[in-house]
Protein chains: 2
Amino acid sequence: MNDILAVGSVALDTIENSTGRIDDTPGGSLSYFTCAAALFKKVIPLCAVGTDFPPFSEAWGTDRKFDKSNLSVEEGRTFRWGGKYSKDLDFRQTLFTELGVFENFEPVLKGRAKNAGFVFLGNISPHLQLSVIEQSRKDSFKALDTMNYWIDGFYEPLIEAISKVDLLFINDQELLHITGRKTETSSILDILELGPRYLVLKKGKNGAFAFSKDRYSFAGIYKDTALIDTTGAGDSFAGGVMGYLASTADPAKTRIGWKEVRNSLVYGAAAASYAVEGFGLSSLLGASKKDIEKRASEIPL
Amino acid sequence: MNDILAVGSVALDTIENSTGRIDDTPGGSLSYFTCAAALFKKVIPLCAVGTDFPPFSEAWGTDRKFDKSNLSVEEGRTFRWGGKYSKDLDFRQTLFTELGVFENFEPVLKGRAKNAGFVFLGNISPHLQLSVIEQSRKDSFKALDTMNYWIDGFYEPLIEAISKVDLLFINDQELLHITGRKTETSSILDILELGPRYLVLKKGKNGAFAFSKDRYSFAGIYKDTALIDTTGAGDSFAGGVMGYLASTADPAKTRIGWKEVRNSLVYGAAAASYAVEGFGLSSLLGASKKDIEKRASEIPL
């Protein structure tokens, strides 16, 4: 069962940067993750949206393999996020957040979601991430992403959730934030001692590292990317990584090993390279699995 | 030929900290390195001292294996350094530096020094380090140590010297200083792309890491150390590492591999743990090879 159960936010984003602006475009961590990972394997997204969200096949494309059984459409408005980026896209400011029906979202796994071999816990409350871990298959390969907001306000449940996953996706600032240290290397050891076997350290335009307890690897970025909107780059990266991993082995039979994690980085980078080439999901949705594989093969590893 | 050719400073140190003060005690990077490494293999120290330096067998002990043929005693005063430490020993201030005969030191390798299988380039001018590299055996295993002073004022020759060695010893601040980056992980790649196959990242009381292009390892410190004077800890660490490495293989026949570098960390940490237990060389000189090995076996790796 190499399905990928994925939980995260599904939102309508309003994004403004020096190249333009878009209103109420489908986004959120789960949207980007799904549109990247579902090129490789069947994704079972788990979230709630409002009645104002477009049909999923319209928002996430018709050529992606995803199972809608764990998505619920509820009376009310979809989670909305508005953000404005600095000219170089290195910084962003949240302009507004309206939780909508997401405020009362309680993840309940249904049907084949309970049997998924891969679980992605996107950037949502650690309490919800823990609930999904509880309900999911014990021997599934689990990965978690988070952000500063949860490190600040939900430290203990976040650490508990991290301790229960196989892989942590994190950027360099968040890494130091979690451990309270000044240096990355000691922080990496701290995380790997908490429980995860792998840590993927995302560095945006400076590439990404993967670490196990005794190995590490670096992958650059796809160099000919036309940078338009970096929203969802990290979630698309995670989608490429998890999609690739799910296509390599069944974790119930084979332990996901270093070689697979190392090789997955370029699929993450390739998915992210598409995600940033247009506003919202548009450019990622225009990419096929072959497109991702072609770019992945051109990224230095 | 597993001799270790080592170049660095030999000084008379005046050290002041919250536990006491000592005047004109034998020190300098080469003294500490030699007293640690010469427990494992024959060291050929290369330096010049003044006529006021005590006999080497008195300064460096009689049970260490070192070859005096590349040490010169010159008319004039020995290099002198005076420093004062903060209460927690984390910071130090240089009070004075008198170069003495070291000002005109030009390394010229004699006899078996030219044939040494291991070369340690201690913390001296990169120009002198390059000169020693030029004169030493091509297939020798070379390691280099440096400090902020040389990074600031001698950047280009330092980078050239680093590009020609197998292993770089460096602490975390110096690492970021050299690369001009904000994060360790990208800096580590930069250094390994310059040429060294290994990087040993020293973190004082937080242990040390070794990195190759695809592997890494961490070693803690010896936990029962009575911290008195941290002068020479890094050089003693390098001495333990290089001494151990020289005892494992002849680099002309066998390439020094990851396993050896990884295992060497605890010998470095053990040597450093002795060095810091007394003022100057006193405590390190009181340690036998067996003492170092015993502590090494108790350090987490």
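Heads up: the structure comes first, above all this text.
Q: Honestly, helix 7 (residues 184-194) of chain B in this entry has me stumped. Any pointers?
A: In an α-helix, one full turn covers 3.6 residues, which means residues spaced three or four apart are oriented alike. For helix 7 of chain B, a buried count of 8 out of 11 residues is recorded, marking the element as mostly surrounded by other parts of the structure. Listing the buried residues of helix 7 of chain B in full gives E184(B), T185(B), S186(B), S187(B), I188(B), L189(B), I191(B) and L192(B).

Q: Just to check I follow, could you spell out the environment of Q93(A) for this structure?
A: All names here are of chain A. The residue Q93 is located in strand 7 (residues 92-98) in this model. Residue classification places Q93 among the partly exposed positions, given a relative accessible area of 47%. Put simply, Q93 and G82 are 11 residues apart on the chain and 8.6 Å apart in space, counted from C-alpha to C-alpha. Look past the residues within four positions of Q93 in its chain and what remains in contact with it is G82, G83 and K84.

Q: Help me out: how do you make sense of unusual backbone geometry in this one?
A: Residues apart from glycine generally show negative phi values, whereas peptide bonds are mostly found in trans. Unusually for a residue other than glycine, L89(A) sits at a positive phi of about 65°. Accessibility expressed as a relative area gives 11% for L89(A), which makes it buried.

Q: Please clarify how the sheet that holds strand 5 (residues 71-74) of chain A should be interpreted in this entry.
A: The strands making up a sheet are joined through hydrogen bonds of the backbone, oriented either antiparallel or parallel. Residue and element names in this part refer to chain A. Reading across from one edge, 5-4-1-8-9-10-11-12-13 is the order of the 9 strands in this open sheet, with mixed pairing throughout. Strands at the two margins of the open sheet, each flanked by one partner only, are strand 5 and strand 13 (216-219). Here the average twist between neighbouring strands, direction ignored, is 15°. With 4 bridges connecting them, strand 11 (residues 198-202) and strand 12 (residues 208-211) associate as antiparallel partners. Across the sheet, residue V200 finds its bridge partner in strand 12, namely A210. On the sheet, helix 6 (residues 172-179) packs against strand 10 (167-171) and strand 11 and is oriented at approximately 110° with respect to strand 10.

Q: Explanation requested: the pattern of salt bridges in the structure shown.
A: Opposite charge on two side chains allows them to pair when their charged atoms are near. All names here are of chain A. Going through the model one piece at a time under the given rule, you end up with 40 salt bridges over all chains. K205 is paired through a salt bridge with D90; the nearest N and O atoms lie 3.1 Å apart. Taken together, the positions of K205 in the loop between strand 11 and strand 12 and D90 in the loop between strand 6 (79-85) and strand 7 put the pair 115 residues apart, joining distant regions of the chain. A relative accessible area of 56% places K205 in the exposed class.

Conventions we followed
Residues numbered from 1 in each chain as written. Chains lettered and ligands numbered in written order. Predicted model: local features only at pLDDT ≥ 70, side-chain atom pairs only at ≥ 80, totals over all residues. Heavy atoms only, no water. Buried < 20%, exposed > 50% of the residue type's maximum accessible area, 1.4 Å probe, protein only. Helix = DSSP H or I, 4+ residues; strand = E, 2+ residues; numbered from the N terminus. Contact = heavy atoms within 4.5 Å. Pairing = 2+ DSSP bridges. Axes fitted to C-alpha atoms, helices over the stretch in contact; angles between N-to-C directions. Salt bridge = Lys/Arg side-chain N within 4 Å of Asp/Glu carboxyl O.

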